[in-house]
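Next come the chains, spelled out residue by residue.
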Amino acid sequence: MKYLLIALLLASCARAPITRIEESMRPASSRPVFTDTLSKESFFIALRKHIDVMKTSRLVMPTMTFGEIKIPKEQYITSLEEIFNHQDSWQSYIYNNFDFMEVYGKDDWGEVMATGYYEPLVKGSKAKNKIHSQAMYSTPVDMITVDLKKFAHKFSKTEKLGVLQGRLENNNLVPYYDRKNIDVDMKLKGQKLELAWVDPVDSFFIQIQGSGVVEFEDGEKIRVGYAAQNGHPYIPIGKFLTDVIPLESMSMQKIKQHLDTLSEKEKQDILNKNPSYVFFKKLDGLALTYAGMEVSDGRTIATDLHLFPKGAMAFLDVEEPVFASIKDLEPISWSPAPRLVFDQDTGGAIRGAGRVDLFFGQGDEASHKAGVMKQKGRLYYLVPKVIN
């Protein structure tokens, strides 16, 4: 799972929000110009991994909902598998055999605000030291998860029920510890939950991205992925920095640059503005998405879990940034980069029918692109004609 750094830029929405998944998309008013600027190889590698996990994933619903159209998961998988029989003409086959469903959008049908995420690679230590002073924690055993859907009879039918995270205090359920409680008050100390020790800012941004790789002093690397979250709302710290970073140029790179100018206390005070906290687990392979698939560079997207079907193939028509140098904070241009994608992920700040988050990969180049990515694009879900 991942949390988005620049959600503050996306808070306003001209259209009335929707709450029903049946309202989330409709048949496209016109079919888009369809092409894929990424490699054929990357598509079929991602498609194979996607299908293999989709067959067993309990987080892909047995019936997938595309607006008013409902399709059994098994039938949708069959339609994806058929693409392998048309590899020489894969783009034209998909275009001719799938219908395009435009999403409800941000300001209009089909229109989305596209942002980016990536997998950080950071230096770390197996023990606390002056530089690597912040622990990355596994899930606390005292954190209790309550599925409110099991108490649906206590709520009105119009209320959207999710889950709560809390802990017991004098036999009462109270909210779980927030970021300040964990990082400053050290409420988890002594529970042997530490997976690694890293720089506090690196820890913060790995939590936002939902996964990362930590390289220790001896060269050993561990990959960590999302395991749980403390139940507090995600609040983007950028909204508290608009006096030093103009809103229109807010980016992950500029926020990090500003944090480097602050004292340790000032820095932590800013980080504490976001009470949300992510707990991790060690991974043997690549980072896993919400639906259980491994991430695929440039082809995994995250959307609102309540509005869009996990496991679906989609077409994202978007531009991505071009930099003159890896050291530059601002791109020199934006290049068209339409591609087929797979809806596999979600995140605490990925909310609404006009939002999509694109996974860029691992390392400096991916970080650079994801950090400034906030572009209008168009998103279409693909429904096989033979079923429709």
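Bear in mind the structure is a predicted one, so any value in this text is a computation, not a measurement. (Residues numbered from 1 in each chain as written. Predicted model: local features only at pLDDT ≥ 70, side-chain atom pairs only at ≥ 80, totals over all residues. Heavy atoms only, no water.)

A. View of the confidence of the model for the protein chain. Of the residues in the protein chain, 96% have a pLDDT of 70 or more, and the chain-wide mean is 91. Overall, residues 1-13 carries pLDDT values under 50, and its contacts beyond four positions in sequence, including any with other chains, amount to 61 contacts. (pLDDT = per-residue confidence, 0-100. Contact = heavy atoms within 4.5 Å.)

B. Main features of the sheet that holds strand S11 (residues 194-198). In space, the 6 strands of this open sheet follow the order S7-S11-S6-S12-S13-S14, with mixed pairing throughout. Only two strands of the sheet have a single neighbouring strand rather than two, namely strand S7 (134-137) and strand S14 (278-283). Across the sheet, the axes of successive neighbouring strands diverge by a mean angle of 45 degrees, strand direction being ignored. Two strands pair when backbone bridges link them, and strand S6 (residues 121-125) and strand S12 (residues 211-215) are joined in this way by 3 bridges, in the parallel orientation. Bridge pairing in S12 links Val 122 to Val 214. Docked against the sheet, helix H5 (residues 200-209) engages S6, S7, S11, S12 and S14, running at close to 25 degrees with respect to S7. (Pairing = 2+ DSSP bridges. Helix = DSSP H or I, 4+ residues; strand = E, 2+ residues; numbered from the N terminus. Axes fitted to C-alpha atoms, helices over the stretch in contact; angles between N-to-C directions.)

C. The packing of aromatic side chains, seen in detail. In the structure shown here, the tally under the stated rule is 22 aromatic pairs. Aromatic side chains Phe 34 and Phe 315 sit 5.0 Å apart centroid to centroid with 65 degrees between the ring planes, which places their arrangement in the edge-to-face category. Note that Phe 34 is positioned in the loop between strand S1 (25-27) and helix H1 (40-54) and Phe 315 in strand S16 (residues 313-317), a separation of 281 residues in sequence. Each member of the pair Phe 34 and Phe 315 is classed as buried. Pairing Phe 43 with Phe 342 gives two aromatic rings, centres 5.9 Å apart and planes at 20 degrees, and the pair type is stacked. Taken together, the residues Phe 43 in helix H1 and Phe 342 in strand S19 (residues 339-345) connect sequence positions 299 residues apart. Comparing Phe 43 with Phe 342 shows no difference in burial state: the two are buried. A network of ring pairs unites the aromatic residues Phe 34, Tyr 95, Phe 100, Phe 315 and Tyr 380 as a single cluster. Directly above the aromatic system of Tyr 95 lies the positively charged group of Arg 31, at a separation of 4.2 Å from the ring centroid. The ring of Phe 205 carries Lys 256 above its face, with NZ or CZ at 5.0 Å from the centroid. (Phe/Tyr/Trp six-rings, centres within 6.5 Å; stacked < 30°, edge-to-face > 60°. Buried < 20%, exposed > 50% of the residue type's maximum accessible area, 1.4 Å probe, protein only. Lys NZ or Arg CZ within 6 Å of the ring centre and 35° of its normal.)

D. How the structure looks around the pairing of S19. For S19, the buried fraction is high: 7 of the 7 residues fall into the buried class. In terms of strand pairing, strand S15 (residues 300-302) meets S19 through 3 bridges, oriented parallel. Residue pairing in the sheet places Thr 300 in a bridge with Phe 342 of S19. Here S16 runs beside S19; their pairing, made up of 4 bridges, is antiparallel.

E. Fine view of helix H2 (residues 73-81). For H2, the full list of buried residues reads Lys 73, Tyr 76, Ile 77, Ser 79 and Leu 80. Down the axis, H2 shows its buried residues gathered within 160 degrees of arc, on one side only. On its buried face, H2 is in contact with H1, strand S2 (63-66), strand S3 (69-72), strand S4 (98-103), S16 and strand S21 (374-384). (Arc of directions from axis to C-beta.)

F. Fine view of a nonpolar patch on the surface. The grouping of Ile 144, Leu 168 and Leu 173 at the surface amounts to a nonpolar patch, some 250 Å² of accessible area in total. Looking at Leu 173, the relative accessible area reads 42%, which means it is partly exposed. (Patch = residues over 30% accessible without salt bridge, like charges linked within 9 Å, V, L, I, M, F, W, Y side chains within 5 Å. Areas by Shrake-Rupley, 256 points an atom, 1.4 Å probe, with all protein chains shown as cover. Salt bridge = Lys/Arg side-chain N within 4 Å of Asp/Glu carboxyl O.)

G. The sheet that holds strand S10 (residues 172-175), seen in detail. Pairing is antiparallel in the open sheet, where 3 strands are placed in the order S8-S9-S10. Here the strands that pair on one side only, and so sit at the sheet edges, are strand S8 (144-147) and S10. Adjacent strand axes in the sheet meet at a mean angle of 50 degrees, parallel and antiparallel pairs treated alike. Pairing geometry for S8 and strand S9 (residues 163-169), over 4 bridges, is antiparallel. Bridge pairing in S9 links Thr 145 to Gln 165.

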